[in-house]
Amino acid sequence: MSNLDEVLSLHRAGDKAAAARLVEHCHERVLWLAARLLPEFARVARHERPSDVAQATLLDLWQALRTTMPHSERHLMLLAGKKVRETLYDLARKH
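Residues numbered from 1 in each chain as written. Predicted model: local features only at pLDDT ≥ 70, side-chain atom pairs only at ≥ 80, totals over all residues. Heavy atoms only, no water.

Q: What am I meant to see in the confidence of the model for the chain here?
A: Predicted coordinates in areas of low pLDDT are best not read in detail. Here the chain averages 96 in pLDDT, while 99% of its residues score no lower than 70. Across the chain, the element-wise mean pLDDT spans from 95 in helix α3 (residues 42-47) up to 98 in helix α4 (residues 50-64). (pLDDT = per-residue confidence, 0-100. Helix = DSSP H or I, 4+ residues; strand = E, 2+ residues; numbered from the N terminus.)

This is the structure we're talking about:
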């Protein structure tokens, strides 16, 4: 069993600290996705940097992990990708 599988199991069992470790695991991927998708949102890109989008996304992901229990790394990464898109849409409405 990999380390991530153990953290996912702990999270599903109710360990609050596991959510923070899952967010840390997603950090690089979220930053990469934010940098890749930000140019498609020209108005947002004028005001926000990829790191700003990633930070807001990671906070949203942490909130989502209060109620969502990912069962695999793929499920976790899909959730993170969804949160990046939602953050960009929210920022587009703001700007």
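Q: Where do I start with the side chain of threonine 87 in this structure?
A: By the element assignment, threonine 87 lies in helix α5 (residues 73-94). Once residues lying within four places of it in the same chain are set aside, the contact partners of threonine 87 are Val53, Ala56, Thr57 and Asp60. (Contact = heavy atoms within 4.5 Å.)

Q: Looking at this structure, I do not really get the packing of α4 against α5. What am I missing?
A: Pairs of packed helices are described in terms of their axes, by the angle between the two and the distance that separates them. As a packed pair, α4 and α5 sit with axes 9 Å apart at the nearest point and diverge in direction by 120 degrees. With respect to each other, α4 and α5 are oriented oblique. For the element pair α4 and α5, the recorded crossing hand is right-handed. Contacts between α4 and α5 pair Val53, Ala56, Thr57, Asp60, Leu61 and Ala64 from the former with Leu79, Ala80, Lys83, Val84, Thr87, Leu88 and Leu91 from the latter. Across the contact of α4 with α5, the residue classes tally to 9 nonpolar, 2 polar and 2 charged. (Axes fitted to C-alpha atoms, helices over the stretch in contact; angles between N-to-C directions. Parallel < 35°, antiparallel > 145°, perpendicular 65-115°, else oblique. Left-handed = near helix turned anticlockwise from the far one by under 90°. Nonpolar A, V, L, I, M, F, W, Y, C, P; charged D, E, K, R; others polar.)

Q: How should I be thinking about the pattern of salt bridges in this particular structure?
A: Two side chains bearing opposite charge may form a pair once their charged atoms approach each other closely. Enumeration over the complete set of coordinates arrives at 4 salt bridges. In this structure, the salt-bridge partner of lysine 82 is glutamate 86, at a minimum N-O distance of 3.6 Å. Placement of the pair is lysine 82 and glutamate 86 together in helix α5, with a separation of 4 residues, close to one helical turn. For the salt bridge of glutamate 86 with lysine 83, the shortest nitrogen-to-oxygen distance reads 3.1 Å. Taken together, the positions of glutamate 86 and lysine 83, both in helix α5 and 3 residues apart, correspond to about one turn of that helix. The class for glutamate 86 is partly exposed, based on a relative accessible area of 29%. (Salt bridge = Lys/Arg side-chain N within 4 Å of Asp/Glu carboxyl O. Buried < 20%, exposed > 50% of the residue type's maximum accessible area, 1.4 Å probe, protein only.)

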